Amino acid sequence: MSEPIQPFVGLFVTCLADLMRPSVAFSTIKLLEQAGCDVEVPLQQTCCGQPAYNTGDFDTTRPMAKQLIERFADYPYVVAPSGSCVGMIKHHYPRLFKEMPEWHSRAIDLAERTWEITSFLVDVLDYRPEQLAQASTARTFTYHDSCAGLRELNIKQQPRQLLQQVSGIEITEMQATDVCCGFGGTFCAKMPEISEKMVSNKLDNALASGADVLLGGDLGCLLNISGYASRAGKTIEIRHITEVLAGELGEPGIGEGQS
Amino acid sequence: MKFSSEHFLDNAHEALANETLQENMALLGAFLPAVRDNAIDQLGQFKELRSYVKSVRDHTLDNLDHYLRQYEEQVVLNGGHVHWARDGAELNEIVLEICQQHQARKVAKGKSMITEETGLTEHLEKAGLQVTETDLGEYIIQIAEQPPGHIVGPALHMSVDEIRELFFEHHDLGPRELPDPPAMVQEARKILRQRFLEADIGIIGANALIAEDGRSLLVTNEGNGDLVSTLPKVQIVCTSIDRVLPRPEDSSALLRLLVRTAVGSVTTEYVSYYSGPRRPDDVDGPEEFHVVLLDNRRSDILGSNYQDMLACMRCGACLNHCPIYISTGGQAYGSVYPGPMGSILTPLLNGLETANDLPNACTACGRCAEVCPAEIPLPDLLRDLRAEELEQKLSPASWRWGMKIHGLLARMPWLYQLLTGIAIKVMYWLGRRRGYLSSLLVPNGWTQVRDFPTPQNGTFMSQWKKGRR
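On a predicted model such as this, the values are computed, not experimentally measured, just so you know.

Conventions and cut-offs
- Residues numbered from 1 in each chain as written.
- Chains lettered and ligands numbered in written order.
- Predicted model: local features only at pLDDT ≥ 70, side-chain atom pairs only at ≥ 80, totals over all residues.
- Helix = DSSP H or I, 4+ residues; strand = E, 2+ residues; numbered from the N terminus.
- Rg over C-alpha atoms; globule rule 2.2 N^0.38 Å.
- Pairing = 2+ DSSP bridges.
- Axes fitted to C-alpha atoms, helices over the stretch in contact; angles between N-to-C directions.
- Buried ≥ 20, exposed ≤ 12 C-beta atoms within 10 Å, placed from the backbone.
- Contact = placed C-beta atoms within 7 Å.
- Nonpolar A, V, L, I, M, F, W, Y, C, P; charged D, E, K, R; others polar.
- Core = buried A, V, L, I, M, F, W, Y, C linked by C-beta atoms within 7 Å.

Caption draft 1: Structural detail: the overall build of chain A. A tally of regular secondary structure across chain A gives 13 helices and seven strands. For 259 residues, the compact-globule estimate of 2.2 N^0.38 gives 18 Å, and chain A sits close to it at 18 Å. On the principal axes, the C-alpha backbone points of chain A span a range of 50 × 50 × 30 Å.

Caption draft 2: Representation of the sheet that holds strand β1 (residues 81-85) of chain B in the model. Residues and elements named next belong to chain B. Spatially, six strands are ordered β1-β10-β7-β4-β2-β3 in an open sheet, and the strand pairing comes out parallel. What marks the edges here is a single partner per strand, and that holds for β1 and β3 (130-133). Each adjacent strand pair in this sheet contributes to an overall mean axis angle of 20°, direction not counted. The sheet contact formed by strand β2 (residues 106-109) and strand β4 (residues 201-204) spans three bridges and is parallel. Following the sheet pairing, A108 is matched in β4 by G202.

Caption draft 3: Spatial organisation of the pairing of strand β3 (residues 77-80) of chain A. All names here are of chain A. Side chains of β3 alternate between two faces, with Y77 and V79 and V78 and A80 buried alike. In terms of strand pairing, strand β1 (residues 8-11) meets β3 through three bridges, oriented parallel. Looking across to β3, one finds that L11 is bridged to V79. Taken together, the three bridges between β3 and strand β4 (residues 114-116) define a ladder with parallel strand orientation. The residue of β4 that forms the bridge with V79 is W115.

Caption draft 4: Fine view of the interface of chain A and chain B. Each side of the interface is counted separately: chain A has 59 residues, and chain B has 53 residues. Mapped onto the side of chain A that touches chain B, the elements with two or more residues apiece are α1 (15-19), α2 (22-34), α3 (50-54), α4 (58-71), α8 (147-153), α10 (187-190), α11 (192-208) and α12 (219-232) of chain A. Of the residues contributing to the side of chain A that touches chain B, the split by class is 28 nonpolar, 19 polar and twelve charged.

Caption draft 5: Structural detail: the sheet that holds strand β8 (residues 244-245) of chain B. Residues and elements named next belong to chain B. Read across the open sheet, the four strands follow the order β8-β5-β6-β9; overall the sheet is mixed. The two strands at the open ends of the sheet, each matched to only one other strand, are β8 and β9 (270-274). Note that strand β5 (residues 208-210) and strand β6 (residues 216-220) share two bridges and pair antiparallel. Within β6, the position partnered with L209 by the bridge is S216. Where helix α12 (residues 248-263) meets the sheet, its contacts fall on β5, β6, β8 and β9, and the angle it forms with β5 comes to roughly 165°.

Caption draft 6: The nonpolar core, seen in detail. Within the largest apolar cluster, 198 residues are counted, with the highest numbers of intra-cluster contacts made by A:V79, A:I225 and B:V292. If we ignore the near neighbours within four places in the chain, the residues touching A:I225 are A:C181, A:V199, A:K202, A:L203, A:L214 and A:I238.

Here's what the structure looks like:
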């Protein structure tokens, strides 16, 4: 699909990519540019407010949401490498402002322009590169469906389709790939023992699939799984899907040391 | 394990260490969602049917006073009696009085969550009555002296071996083998059959009440509901004000969803409508028919932000699909209502101050809302309860202040970026070789069970500002 004008995209980096794994943001920019977008990164951005929101602190969340709504007011498209942050903007910002008509309509306006990266590439741009970036057929990949992306944004086949079309990767599915990994934002710190049970199930399923690489679209889940894997002394390479799609594999996987 | 919501975290700790329970729950967590999904796929048009039933429920709840009055009039016309119970204690007293009026000594009960909620059995037993639960699952947990672990299958958390041992211990039937579940069912059946015949009073619950004709609906797979209702001279239906529906056809629409989501079958073995006492030309049925309608704070929920919760049809799908429920089992919640629906209902019925851990026992994964046949936005309601927890200052001060400080910093991007830039550099240098940090110096839930993966060398913002592309 060729548009006469380059799609103009504002990148919402997300706090976890900013703080923990910049390579995810760099990979996202690279992918968007390869797909023909003009990408801008507003500098005055931080966090979408999910931690406060999910703690029930709506008064703290609203100013954070307003800041984001204002920073991204002028972009025809806003893209982020996270299903849960995009779910927050698309579904929860309007709910947050349901009694403030002006901000409610601004929230809905932003919601309509905001996309998760794999969904944007497939559902909006129908991105199909002419050549495979790099075929990583020697390794076995599995994919964790993060909850918010899956259930709030219907992201299921998009990452699999991209991995196939961009990188020539066929996903080896694990059992219960759509069951929560136990991250849940503040949940994992509030109820660590239950979270541990859930993440151990997730890791066991990933390993049982025979995969040596676990991919996903949300850093929260991936950090949780990686942190548990190293604590449990189990090895699996864990990466965000954008790193593989962009062929940016120079940095070690999540939780791996510098060799 | 203490059956109290205040002890949820301790109970969960115990449950996670219980290997038998973990094995049983893992089986349930795979089996129950699979049969539900299969039945719903075969039904097709799940979302359409669900939104139709929701519109009926919404309409009924918005006009609840009207439909309750109509229902009461119809029950009286059919020759029955209606009692209104403001809370659990009132319901228990009303039922006990009816028992005493009839000099009853033996009571047979069908499965009823309302009587679990009010603790009716205990109340009647204290007054010297013999009370027998006749639903097999309820019977098992009654003799095991345990609270229910699930709202549909109260003993689902128990293994066949545990139940066999229980039967050997409680049934004085001499040396015998109980090789498999059918043999155990036969044994329970023999014992229960006698209890049905001896009972002076029969107590059942209701899946729906029909305003137009005053009938109540009950579904069972064992037929015990019918025996409890037709053999004893007095029938008492214990239910709550939110069960009422306008017309008989509304209850059929409800059933199409309820049975499939609850047990994965098209229909239950028995679907019974109870219309009142025996009429002159009826061959069987009770001589007296009572309905006790429990409020217990439901009229406070009506018209509140949580009104959707009153449409819950008690199918248990949210439990079966909840990874937290499957991890801890139902008894850990310390309430007769566990899982997502219970984590909302329990604080609403018993007060948030004794149950404020429950709304936090959720990762907002959304599986419950996806399968809920009543279209209840469970994760949203759980989050709203956390907002109340915060308002009432029930959550730890460190969490409340942590969120406020994070929010404040996030609104000062330059300061935020400066401080995070420094912190991330420090973590990178400390953990770059291993790839993770085992401790973050202060005790916290994250590093209690997992490592903290090392961040990359410098935040994205710091690198981007320096011109890295």
